[in-house]
Amino acid sequence: MQDMTSRALIALSIAYGATIAVLAILGSDFVGRFAAIGGIVIGVLWALRGVFGARRDA
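Residues numbered from 1 in each chain as written. Predicted model: local features only at pLDDT ≥ 70, side-chain atom pairs only at ≥ 80, totals over all residues. Heavy atoms only, no water.

Asker: Lay out the packing of aromatic side chains with the relevant residues and their values.
Answerer: All chains considered together, the criterion is met by 2 aromatic pairs. A centroid spacing of 6.1 Å and a plane angle of 45° characterise the contact between Phe30 and Phe34, whose relative ring orientation is tilted. Overall, the relative accessible area of 41% leaves Phe30 in the partly exposed class. In textbook terms, an aromatic cluster arises when at least three aromatic residues are bridged by ring pairs, as seen for Tyr16, Phe30 and Phe34. (Phe/Tyr/Trp six-rings, centres within 6.5 Å; stacked < 30°, edge-to-face > 60°. Buried < 20%, exposed > 50% of the residue type's maximum accessible area, 1.4 Å probe, protein only.)

Structure representation (structure tokens):
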């Protein structure tokens, strides 16, 4: 299960980065808010995976 969540978060991070790149290339005014909100959400997901993953391994 741990391996599957890692792969899902990696895929989500790549898709998120690509979306920001496209928005930046297109000159969207929304790119700043999207980057901030998405960065916080993905960061929290990685942190939760780390915390709960460490408890399962112990």
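Asker: Talk me through helix H1 (residues 2-26); I want residue IDs and the actual numbers.
Answerer: Relative to the 36 Å expected for 25 residues at 1.5 Å per residue, H1 spans 36 Å between its end C-alpha atoms, a close match to the ideal helical length. Every buried residue of H1 is listed here: Ser6, Leu9, Tyr16, Ile20 and Leu23. Just beyond H1, the residue with positive phi is Gly27, at close to 75°. (Helix = DSSP H or I, 4+ residues; strand = E, 2+ residues; numbered from the N terminus. Expected span 1.5 Å × (residues − 1).)

Asker: Requested: an account of the environment of Leu23, with residues and values cited.
Answerer: Structurally, Leu23 can be placed in helix H1. In the structure, Leu23 is positioned 12 residues away from Ala35 in sequence and 9.8 Å away in space, judged by C-alpha atoms.

Asker: Requested: an account of a nonpolar patch on the surface, with residues and values cited.
Answerer: A surface patch of nonpolar side chains, about 770 Å² in accessible area, is lined by Leu12, Ile37, Ile40, Val41, Val44, Leu45, Leu48, Val51 and Phe52. Sort the elements by how many residues they give to the nonpolar patch and helix H2 (residues 31-57) lands first, with 8 residues. Summarising the element assignment, Leu45 is placed in helix H2. (Patch = residues over 30% accessible without salt bridge, like charges linked within 9 Å, V, L, I, M, F, W, Y side chains within 5 Å. Areas by Shrake-Rupley, 256 points an atom, 1.4 Å probe, with all protein chains shown as cover. Salt bridge = Lys/Arg side-chain N within 4 Å of Asp/Glu carboxyl O.)

Everything listed is a geometric property; what it means functionally is a separate question.
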